[in-house]
Amino acid sequence: MPTTETATGACPREVSFDPFDPEYLADPYPELDRLPPVCFAPGLGMWVLTRYADVDAVFRDPQTFSAAIAQDPMFPLTEAARTELGPNFPLPKTMSNADPPVHTRIRRLNLQAFSARRTAALEPRVRAAAEQLIDQLPGDEPFDLVAGLSYPLPAVMIFTLIGFPAEDTELLKSWCGNRMAFSWGHPTPAEQVEIAGNMRRYWDYCAEFVRARIAEPRDDFTSDLVRVHLADPAQVSELEITSVIYGLSFAGHETTTNLTSNAVRRLLEHREQWTALCAEPSLIPNAVEEVLRHDTSVIAWRRITTKPARIGEVDIPAGAKLLLLLGGTGRDPERFADPARFDVHREDAGRHLAFGKGIHFCLGAPLARMEARIVLELLTAAAPDLELVPDQRFDFPPNVSFRGPQQLWLRRSVEVS
């Protein structure tokens, strides 16, 4: 374990920091304000970074700060869980947890497949699906926006992009259910085994799906990668395609679910800003950026040092695990004026780090932004009188990285204007 003494740098503070504490999960921002910019959390065995400039610098230096641990389980797996996972795990590192040159090769192919053309072609389908889901929301009684809209919409859209059959959506969602806890949470030994079984079944489904696309490519994201493989297997292997699809099908919907839910919650908590969007829909794209800054759906991410490094005034040893608190970077007073203030008119809201930076900048950012924008456009037009159900408690899944309410109860205003 790293010590608090360094050879030439300042002595970093050891802090008691527990990202699984119920108070932190409910509202992490007071704790993020308390933490020093660079500190060591012995309970996690990780160095914690909260300052915008430091995290930005880490993202921009992948040679020193490797992404290799980004998807690793936070805590050791039991032997039973490893056995349940089967021989394909650990999976090959391809995107968010890969370093150059593997990352460079796979990302270049994904940029071709995850093209602006394919994303733009999805917009009418996203809008149609969102309209249908919104039409099904009850108008005369409270409803949970997560169950009714913000969870099903991104799941359907990312599965459509990949090419998964619509009739398999519910099965795939059931397998995705607790995967967040496996890599970013603290599951019990019994929960590890249960989740591992679902992960293995999901992997087997993805592997079979990729084999089917190799036999018969179609017009979808998977087939774009398959065509590259068929032309030159050295460019991307069948195993790598399966790993990309497996990872994307999770990351592509959980984060957007959180973004949409966080956006509606924060806007309704600041009623005057919801009203402003209803009156002026052109504010919606910037409102999405302000939500990403103010209450990001990915509150932390991980890196590991490949060599000794200096972060701020602190020397960090090689092999040190870093927890990059993106929630802190969005509230950094050195980067954003009056950072605790939620303001859809904020001119520099888009300078947040919610999608990362540098070579690992999120490929799905345009799709996430589009989905959140469409939901807000439709909701503000169809239900300008929406309000939060009073006195509700917001519960968040206990994990270190992904943050969004598990339920968000809304109702039409009793006093319709």
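One can find the structure itself at the top, above this paragraph.
What you see is a predicted model; the values in this text were computed from it and never measured.

Participant: I'd like to hear about the nonpolar core, residue by residue, with values.
Facilitator: Grouped burial of nonpolar side chains is what soluble globular proteins tend to show. Core analysis: the largest hydrophobic core is formed by 89 residues, its most contacted members being Leu145, Phe164, Tyr202, Leu376, Leu379 and Leu410. Those residues in contact with Tyr202, other than ones at most four positions away along the chain, are Phe159, Phe164, Leu172, Trp175, Cys176, Arg179, Tyr246 and Ser249. Ranked by size, the runner-up nonpolar core spans 44 residues in total, among them Tyr29, Val55, Phe65 and Leu323.

Participant: I'd like a rundown of the packing of aromatic side chains, residues and numbers included.
Facilitator: Applying the stated criterion to the full structure yields 15 aromatic pairs. Judged by centre distance (5.8 Å) and plane angle (50°), the rings of Phe20 and Phe75 are tilted. Of this pair, Phe20 sits in the loop between strand S1 (13-14) and helix H1 (22-26) while Phe75 sits in the loop between strand S4 (65-66) and helix H4 (79-85), placing them 55 residues apart in sequence. Their ring planes at 65° and their centres at 5.6 Å tell us that Trp203 and Tyr246 sit as a pair that is edge-to-face. Of this pair, Trp203 sits in helix H11 (residues 189-215) while Tyr246 sits in helix H13 (residues 238-269), and the two are 43 residues apart along the sequence. Trp203 sits in the buried class, given a relative accessible area of 3%. The exposure class assigned to Tyr246 is buried, which follows from its relative accessible area of 2%. Members of the aromatic cluster, each reached through a chain of ring pairs, are Phe89, Tyr202, Trp203 and Tyr246.

Participant: An account of the pairing of strand S9 (residues 321-324) is needed here, citing residue identities and associated values.
Facilitator: Looking down a regular strand, the side chains alternate between one sheet face and the other. Inspection of the sheet shows strand S3 (residues 46-49) paired to S9 by three bridges, in the parallel sense. Note on S9: the bridge partner recorded for Val48 is Leu323. Bridge count for strand S6 (residues 301-305) against S9 is four bridges, and the pairing is antiparallel. Each residue of the ladder has a partner; that of Arg303, found in S9, is Leu322.

Participant: Please give an account of the pattern of salt bridges that cites residues and values.
Facilitator: Side chains carrying opposite charge are able to pair once their charged atoms draw close together. Scanning the model with the defined rule gives 28 salt bridges in all. Across the pair Arg369 and Glu289 runs a salt bridge, and its minimum N-O distance is 2.7 Å. One end of the pair, Arg369, is in helix H17 (residues 365-382); the other, Glu289, is in helix H15 (residues 284-294), and 80 residues separate them in sequence. One salt bridge in this structure joins Arg335 and Asp348, with 3.4 Å as the shortest N-O distance. With Arg335 in the loop between helix H16 (326-329) and H17 and Asp348 in the loop between H16 and H17, the pair connects residues that are 13 residues apart, well separated along the chain. For Asp348, a relative accessible area of 24% puts it in the partly exposed group. Among the ionic contacts, a cluster of salt bridges with common partners joins Arg265, Arg266, Glu269, Asp295 and Arg403.

Participant: Pulling in residues and values, what's your account of the environment of Pro142?
Facilitator: Looking at the secondary structure, you find Pro142 in the loop between helix H6 (116-135) and strand S5 (143-144). Sequence spacing of Pro142 and Val389 is 247 residues, and the spatial spacing of their C-alpha atoms is 7.2 Å.

Participant: Describe H6, listing the residues and the values that go with them.
Facilitator: Along an α-helix, residues three or four positions apart point the same way, because every turn accommodates 3.6 residues. Its 20 residues place the ends of H6 29 Å apart at the C-alpha level, agreeing with the 28 Å of an ideal helix rising 1.5 Å per residue. Glu123 marks where H6 bends most, by close to 30°; the proline Pro124 follows one to four residues later.

Participant: Before we move on, can you summarise the sheet that holds strand S11 (residues 409-412) with the specific residues and values?
Facilitator: One open sheet holds the three strands; their spatial order is S5-S11-S10, and the pairing between them is antiparallel. Single-partner strands in this sheet number two, and they are S5 and strand S10 (386-388). Relative to S11, S10 is paired through three bridges, and the arrangement is antiparallel. In the sheet register, Glu387 faces S11, and the bridge partner there is Arg411.

Conventions adopted
- For every chain, the first residue of the written sequence is number 1, and numbering continues from 1 onward in sequence order.
- A pLDDT threshold of at least 70 governs which residues receive local features in this predicted model, and a stricter bar of 80 or more applies before side-chain atom pairs are shown or counted, although totals over entire chains, interfaces and linings include all residues.
- Calculation of side-chain values draws on the structure's entire complement of heavy atoms; hydrogens and water are dropped beforehand.
- To define a nonpolar core, start from buried Ala, Val, Leu, Ile, Met, Phe, Trp, Tyr and Cys residues and group those joined through side-chain atoms within 4.5 Å.
- Accessible area is worked out with a 1.4 Å probe on protein chains only. A residue is then buried under 20% of its type maximum, exposed over 50%, and partly exposed in between.
- For this analysis, residues touch if any pair of their heavy atoms sits within 4.5 Å.
- The rule is short: rings of Phe, Tyr and Trp, with Trp giving its six-membered ring, pair when the centres are within 6.5 Å, and they are stacked under 30 degrees, edge-to-face over 60, tilted in between.
- Starting at the N terminus, helices and strands are each numbered in turn, a helix being any DSSP run of H or I of at least four residues and a strand any DSSP run of E of at least two.
- DSSP-based pairing: two strands are paired if at least 2 bridges between them are found.
- We define a salt bridge as a contact between a side-chain nitrogen of Lys or Arg and a carboxyl oxygen of Asp or Glu at a distance within 4 Å.
- What a helix should span is 1.5 Å times the count of its residues minus one.
- We define the bend at each residue as the angle formed by axes fitted to the 7 residues ending at it and the 7 residues starting at it.

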